[in-house]
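Chain by chain, the residues:
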Amino acid sequence: MRQHQTDGGARKAVFAPVDSGARVAAVVRRIGDAIELGLLADGEQLPGETELAGQLGVSTVTLREALMALRQQGLVVTRRGRGGGSFVSSPEVPDRTRLVERLRGWSPEELRDLGDHWAALSGTAAHLAAGRTEDHDLDQLRRTAEDLGGAADAAARSRLYGRFHVELAAAAQSARLTREQVALQREIGALLCLVLGDDEYREEVADRHRSVISAVQDGAHASARELAERCVRDSTARLIALRLTL
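Residues numbered from 1 in each chain as written. Predicted model: local features only at pLDDT ≥ 70, side-chain atom pairs only at ≥ 80, totals over all residues. Heavy atoms only, no water.

Asks: So what about the state of the cysteines? Which residues, and what values?
Replies: Under the definition given, this model contains zero disulfides. Cysteine Cys193 is unpaired, with the sulfur of Cys231 as its nearest cysteine sulfur at 16 Å. Note on Cys193: relative accessible area 10%, which makes it buried. Take Cys231: its relative accessible area is 1%, and that puts it in the buried class. (Disulfide = S-S within 2.5 Å. Buried < 20%, exposed > 50% of the residue type's maximum accessible area, 1.4 Å probe, protein only.)

Asks: Describe the environment of Ser107, with residues and values.
Replies: Inspection of the secondary structure puts Ser107 in the loop between helix 5 (96-104) and helix 6 (108-132). Judged by relative accessible area, which is 22%, Ser107 ranks as partly exposed. Through-space distance from the C-alpha of Ser107 to that of Leu184 is 17 Å; in sequence the pair is 77 residues apart. (Helix = DSSP H or I, 4+ residues; strand = E, 2+ residues; numbered from the N terminus.)

Asks: Could you give an account of the pattern of salt bridges, naming the residues involved and the relevant values?
Replies: Counted according to the given criterion, the structure contains 13 salt bridges. As a salt-bridge pair, Asp139 and Arg142 come within 3.0 Å of each other at their nearest N and O atoms. A residue pair is termed a helical-turn pair when its members lie 3 or 4 positions apart in one helix, as Asp139 and Arg142 do in helix 7 (residues 139-150) at three residues. Assessed through its relative accessible area of 25%, Arg142 is described here as partly exposed. (Salt bridge = Lys/Arg side-chain N within 4 Å of Asp/Glu carboxyl O.)

Asks: Give me the lowdown on the pairing of strand 2 (residues 85-88), citing residues and values where you can.
Replies: In the sheet, strand 1 (residues 76-79) pairs with strand 2 via four bridges, with the strands oriented antiparallel. Looking at the pairing, Val76 lines up with Val88 of strand 2. Count of turn residues in the strand 1/strand 2 antiparallel hairpin: five residues, of which Gly81 carries a positive phi of about 85°. (Pairing = 2+ DSSP bridges.)

Asks: Explain the packing of aromatic side chains to me, and be specific about the residues and the numbers.
Replies: On inspection of all chains with the given rule, the structure shows one aromatic pair. Aromatic pair Trp118 and Tyr161: ring centres 5.7 Å apart, planes at 50°, arrangement tilted. Separated by 43 residues along the polypeptide, Trp118 in helix 6 and Tyr161 in helix 8 (residues 154-171) bring together distant segments of the chain. Tyr161 shares its class with Trp118; the two are buried. One cation-aromatic arrangement involves Arg238 over Tyr201; the distance from NZ or CZ to the ring centre is 3.7 Å. (Phe/Tyr/Trp six-rings, centres within 6.5 Å; stacked < 30°, edge-to-face > 60°. Lys NZ or Arg CZ within 6 Å of the ring centre and 35° of its normal.)

Asks: Would you mind going over unusual backbone geometry in detail, with residue names and values included?
Replies: With the exception of glycine, most residues fall at negative phi, and the peptide bonds are largely trans. Even without being a glycine, Gln173 presents a positive backbone phi close to 60°. When you line up the elements, Gln173 lands in the loop between helix 8 and helix 9 (175-188). The class for Gln173 is exposed, based on a relative accessible area of 53%.

Right under this line is the structure:
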């Protein structure tokens, strides 16, 4: 199903220059992470090769190699001729059996460590956003929180949950925090399907996200940090509790 495009700092971070080093791998990871999180919508056309290479700060040769790898992963399709180009192909979310097997691959200690990292990122982002944003900067966060409150299936809920935390980092006006959040969501995002199928918990998370937005809007640095961290730690605790039953 075609999704609406997100805007703001989160999308800007997707098309910011990649770090030096393994450029092809960096481009594949950057665009692949954004597609899996839904920052780039299913069916969306990517910028032309010359434009996209310029945005990412890589050569067109490097970009073409990266697009080839993304096509092999099923995340991008290329169409020739008039109206052609490279288009996003959102991946299907693994079924519950495969997700459970993926969760089984994490030890409770590894999940706890990942949760600590996630809480630190989101807490810092909320703290910084409380001192750096204007009210209109929070519009995308508000839309995402409301979309989560109405999302019908666990896959959509998990993408919106992860997207909220990416957009929170973008609201902090930190490109590095935003990129870290995008990468982290690729690790944990799909697993959240296992705990977000419950409607009551979905609404609880949406309310927590609204509370974070209110604290950021009020400039309440400490409260914003605490609320964001609490949201992440609770979700991590649910994943760990589920892991312990396997």
